[in-house]
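An overview of the molecular structure
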Amino acid sequence: MSVTYIDAIREAQAKLLGEDERVFLYGQDIASFGGAFKATKGLAEAFPGRVFDSPISEDAMVGLAIGAAIEGMRPIVEMQFADFSSIAFNQIVNQAATHYYRTGVPIPITVRLPSGGTPGSGPFHSQSMEGIYAQYPGLIVLTPATVSDAYHMLIDGVALDDPVLYCEHKFLYRWLKAKSINGEHLPIGQARITRPGKHATVVAYSAMVHEAVRAADRLLEESGWEIEVVDLRSVKPLDMDTVLASVARTGRLLALGEAFPWGGVTAEVVSRVTEEGFHLLDAPPQRLNARDTPVPYHPKLWAAHRPTPESICDALRRLLSF
Amino acid sequence: MLRSRILENKLSSLYKAGKIVGGVYLGKGQEAVSASLGTALNPETDVFSALIRDQAGRIAFGEPLLDCTRSYLGSVEGPMRGRDGNIHRGRPKEGMPAMISHLGSQVSLVTGMLFAKRLKDPTSRAVGATCVGDGATSTGSFHEGLNVAAVEKLPLVVVVANNQFAYSTPNYRQFACGDLVERARGYGVGGFSVDGTDLIACATVMREAVRRARSGDGPQMVVAQVLRLSGHGEHDDGSYVPEDLRSGHYGRDCIEVAIRQLTDRGIVTVDEIMAWQEQNAEEVQRAVAQAQQEQAPDPYQEDWSALSTRFPLCQSGNQPIAQ
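Residues numbered from 1 in each chain as written. Chains lettered and ligands numbered in written order. Predicted model: local features only at pLDDT ≥ 70, side-chain atom pairs only at ≥ 80, totals over all residues.

Short version of the rule: UniProt positions are given in the numbering used here, feature names are shortened, and annotations may be inferred rather than shown by experiment.
Chain B has the name Thiamine pyrophosphate-dependent dehydrogenase E1 component subunit alpha in an unreviewed UniProt entry, where Luteolibacter pohnpeiensis is given as its organism. As recorded by UniProt, the Cofactor (unreviewed entry) comment attached to chain B reads in full: "thiamine diphosphate".

Identification of chain A as Alpha-ketoacid dehydrogenase subunit beta from Luteolibacter pohnpeiensis is taken from an unreviewed UniProt entry. Checking UniProt for chain A, the heading Cofactor (unreviewed entry) contains the comment "thiamine diphosphate".

Written out as structure tokens, the structure reads:
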């Protein structure tokens, strides 16, 4: 018996609906249809009057959730794809994110963003938006990489009083399986050492954690390098203590992400390590991201657009050669 | 209406004297529309999401004068504590959401408040209202919000104060339909037109729109024809408004019209109005004086956190910006 990443997301929502009457779900095709990815399958039947289909109106979906949150509810909004949250950008970054600072009234909404690429999805169903949202004050951005984190971080995220962007990776939905959802439960704001090592640190999050582990396995087998992989778990807050402690052990940093290369999470990690831990570094810190083009449609182009175990190994070899 | 006009004249003077930092946006000429809406609502149960020309409606709905003067004058005692100013103020937990500058955005927010009220209590009779201008009706946010409210058949009242210009852009560069009220049918909501310079007409229409929303008829849209009797803000002289519009029907001052309506019908006397004016001028003066005496926000006392959550394990998430 195994549990997939998307099972964990559905189970977390079922638990939230069952235990907290303030929670309701709002999104496109999520009620009787169960959602484009079936993340809400069966929930409308199990929780009548708590799961609502919305029109194709991302701006109004988040606007409605914000209003409901002011009235004491804890809405979870499903974006059909993270890419479409650009239509809701204004409500997220200007209405939700500024509200607590301006008025003292927090906005406990959770916006689920089915993120990242899968083969054949193309430019508008593949994006990784975490860096954009993390740039704005007033938002919490979660990027679970494991089945257990997918479960616990959704529950913990909904419990927070602030707006949460929950970035769930579509590639992990059915590919990633675990024996149970009750794995290690760390608090939001704490990163995890997924794989200990001593020669270099890879800081990753979401699906890239698994690619980093693959690359690390390969390098160990090939040349005996022991690579430490840090899973950020949340990109905001960013657990620099764990990152700096790892860099202190290894002296080398590769920041790895699936988003576009200009700015973003990897740039933030490199910048902060350089600023706060320059003395710990034995080599110039490196970044590896997707390429600076829209996400391509064809699986061959897509596989070369995002970081892969091969390109991660190449980057690590360069880093280790200094 | 009177109190709003007296207050806004004072705000204008303070702005011109350099006592107010940032913009000053007035509702001169739109008081009949705004006050009629504010009066038609029940502050105990309802929601009023005011826009930039709703000083009169805010007063009618029960917002204290001090909220206005403190926000404009940057007092740390105000509801926004100097973190936001002027017309962006509000008390969201008391049915007065704080607007953002992105027009049309409040429509879905009020819709969400009503959605939640209905979830919590299916017998809720609360109504939510918001105002927009003619310009905001061109936004996607307005369209999405009103459509969702209509799909959910929520008790929302949207008042469109068509003051002929969105900043300097005239109606004919803003929309191509003959009259904005025609859109109500397209959304499947109730539609009303009213002469926004006529207080009695406004009061009648707003009361009816609110009544229908409250009785379960779904969203209502009221389109009021007005002309703002000031610039977009006090930095703007409104010189783009042609003379024939200024001297035409909608260029008349709704407060003068209201005074005539009320005195002609014997509802109030001129002496009573003079007394109201005097009393309101005193109250405005007191609210200004008090806000002026209060402390400005202190950057060293700010916690500089945009989140209510504190992450003990991880200070970096909400680290103060280095001084």
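A look at the overall build of chain B
Cut-off, in case you're wondering: Segments assigned H or I by DSSP are reported as helices when at least four residues long, segments assigned E as strands when at least two residues long, and all are numbered from the N terminus. Atoms counted for the radius of gyration: C-alpha only. Globule rule: 2.2 Å times the number of residues to the power 0.38.
Check the secondary structure of chain B and you find eleven helices and seven strands. Computed over the C-alpha atoms, the radius of gyration of chain B is 20 Å, within 12% of the 20 Å expected from 2.2 N^0.38 for a compact globule of 323 residues.

So, the overall build of chain A
The following threshold applies: To sort residues by burial, count the other C-beta atoms lying within 10 Å of each one's C-beta; a count of 20 or more means buried, 12 or fewer means exposed, and anything in between means partly exposed. C-beta atoms are built from the backbone.
In terms of helices and strands, chain A carries twelve helices and 14 strands. Over its C-alpha atoms chain A spans a radius of gyration of 19 Å, differing by no more than 12% from the 20 Å that the globule rule assigns to 322 residues. For chain A, the spread of C-alpha atoms along the three principal axes comes to 60 × 45 × 35 Å. Within chain A, the proportion of its 322 residues that are buried is 58%.

A short note on the UniProt feature "domain: Transketolase-like pyrimidine-binding" (unreviewed entry) in chain A
Those residues carrying the UniProt feature "domain: Transketolase-like pyrimidine-binding" (unreviewed entry) are residues 3-175 of chain A in this numbering. Taken as a whole, residues 3-175 of chain A contains 40% helix and 17% strand, while its terminal C-alpha atoms sit 10 Å from one another.

Side note on the nonpolar core
Rules: A set of buried residues qualifies as a nonpolar core if it consists of Ala, Val, Leu, Ile, Met, Phe, Trp, Tyr and Cys joined through C-beta atoms within 7 Å. It is the C-beta atoms, placed from the backbone, that decide contacts: two residues are in contact if theirs lie within 7 Å.
Of all hydrophobic cores here, the largest spans 187 residues; its most connected members are V202(A), A212(A), V159(B) and V222(B). Considering each element in turn, this core owes the most residues, nine residues, to helix α3 (residues 58-70) of chain A. For V202(A), the contacting residues outside a window of four places in its chain are A212(A), A216(A), I227(A), V229(A), V230(A), L254(A) and L256(A).

With respect to the interface of chain A and chain B
Our working rule: Under the convention adopted here, Pro, Cys and the residues Ala, Val, Leu, Ile, Met, Phe, Trp and Tyr are nonpolar, Asp, Glu, Lys and Arg are charged, and Gly plus all remaining residues are polar.
Opposite the 41 residues of chain A that make contact, chain B presents 38 residues. Counting residues per element, the ones that place at least two in the side of chain A that touches chain B are α3, α4 (89-103) and α9 (240-250) of chain A. When its residues are assigned to classes, the side of chain A that touches chain B shows 21 nonpolar, twelve polar and eight charged.

Focus: the sheet that holds strand β1 (residues 47-49) of chain B
Residue and element names in this part refer to chain B. Threshold: What makes two strands pair is DSSP finding at least two bridges between them. Interaxial angle, 0 to 180 degrees, is taken between N-to-C directions of lines fitted to C-alpha atoms, where a helix line uses only the stretch in contact.
The parallel open sheet is built from five strands, whose spatial order is β1-β2-β3-β7-β6. This sheet does not close on itself; its edge strands, each paired only once, are β1 and β6 (190-195). Within this sheet the neighbouring strands show an average axis-to-axis angle of 20 degrees, counted without direction. Pairing analysis gives six bridges linking strand β3 (residues 156-162) to strand β7 (residues 220-225), with the strands arranged parallel. Paired with V157 across the two strands is Q220, which belongs to β7.

Details of the sheet that holds strand β4 (residues 74-78) of chain A
Residues and elements named next belong to chain A. Read from one edge to the other, the open sheet built from seven strands follows the order β3-β2-β4-β5-β7-β6-β12, with strand pairing classed as mixed. The open sheet terminates on both sides in strands that have one partner only, identified here as β3 (51-53) and β12 (234-236). Direction aside, neighbouring strands of the sheet carry axes that sit 20 degrees apart on average. Of the strand pairs in this sheet, strand β2 (residues 23-27) and β4 are connected by five bridges, and their pairing is parallel. The residue of β4 that forms the bridge with G27 is E78.

Brief notes about the packing of helix α1 (residues 2-16) of chain B against helix α11 (residues 270-293) of chain B
Each pair of packed helices can be summarised by the angle the axes make with each other and by the distance between the axes. All names here are of chain B. For clarity, the threshold we go by: Small angles under 35 degrees read as roughly parallel and large ones over 145 as roughly antiparallel, with 65 to 115 read as roughly perpendicular and the rest as oblique. Left-handed describes a crossing whose near helix is turned anticlockwise from the far helix by less than a right angle; the clockwise case is right-handed.
Axis separation between α1 and α11 bottoms out at 9 Å; the angle between their running directions is 45 degrees. When the axes of α1 and α11 are compared, the pair comes out oblique. Two packed elements cross with a definite hand, and for α1 against α11 that hand is right-handed. Facing L2, R3, I6, L7 and K10 of α1, the residues of α11 in contact are W276, Q277, N280, A281, V284 and V288. Tallied by class, the residues present in the contact of α1 with α11 amount to seven nonpolar, two polar and two charged.

A look at the domain arrangement of chain A
Residue and element names in this part refer to chain A. Short version of the rule: Residue ranges assigned to the domains are those given by an automatic or database domain assignment.
Splitting chain A by domain gives domain 1 (3-178) and domain 2 (192-321). Averaged C-alpha coordinates put domain 1 and domain 2 at centres separated by 26 Å. Each side of the interface is counted separately: domain 1 has 26 residues, and domain 2 has 22 residues.

Examining the environment of D59(A)
When you line up the elements, D59(A) lands in helix α3. Aside from chain neighbours lying at most four places away, what touches D59(A) is I87(A), A88(A), N90(A), Q91(A), S108(B), G140(B), S141(B) and E144(B).

Section: α9(A)
Structurally, the α-helix is built with 3.6 residues per turn, so residues lying three or four positions apart point the same way. All names here are of chain A. Quick reminder of the rule: Relevant arc is that of directions from the helix axis to the C-beta atoms, nothing else.
Among all positions in α9, only M240, T242, V243, S246, V247 and T250 are buried. Seen from one end, α9 has its buried residues packed into an arc of 160 degrees, which puts them on one side. Each element contacted by the buried residues of α9 is listed here: β9 (192-195), β10 (200-204), β11 (227-231), β13 (253-256) and α10 (264-277). G251 lies just past α9 and shows a positive phi near 75 degrees.

Some points on the pairing of β13(A)
All names here are of chain A. As a reminder of what qualifies: With the strands pointing away from the viewer, any crossover whose connection runs clockwise from the first strand over the helix to the second is right-handed.
Taking every second residue as pointing to the same face, both faces of β13 are buried, with L253 and A255 on one and L254 and L256 on the other. Summarising the sheet, β10 and β13 pair through three bridges and their orientation is parallel. Residue pairing in the sheet places T201 in a bridge with L253 of β13. Strand direction decides the pairing type here: β13 and strand β14 (residues 286-288), joined by three bridges, are parallel. Looking at the pairing, L256 lines up with L288 of β14. Viewed along the sheet, the connection from β13 through α10 into β14 turns out right-handed.

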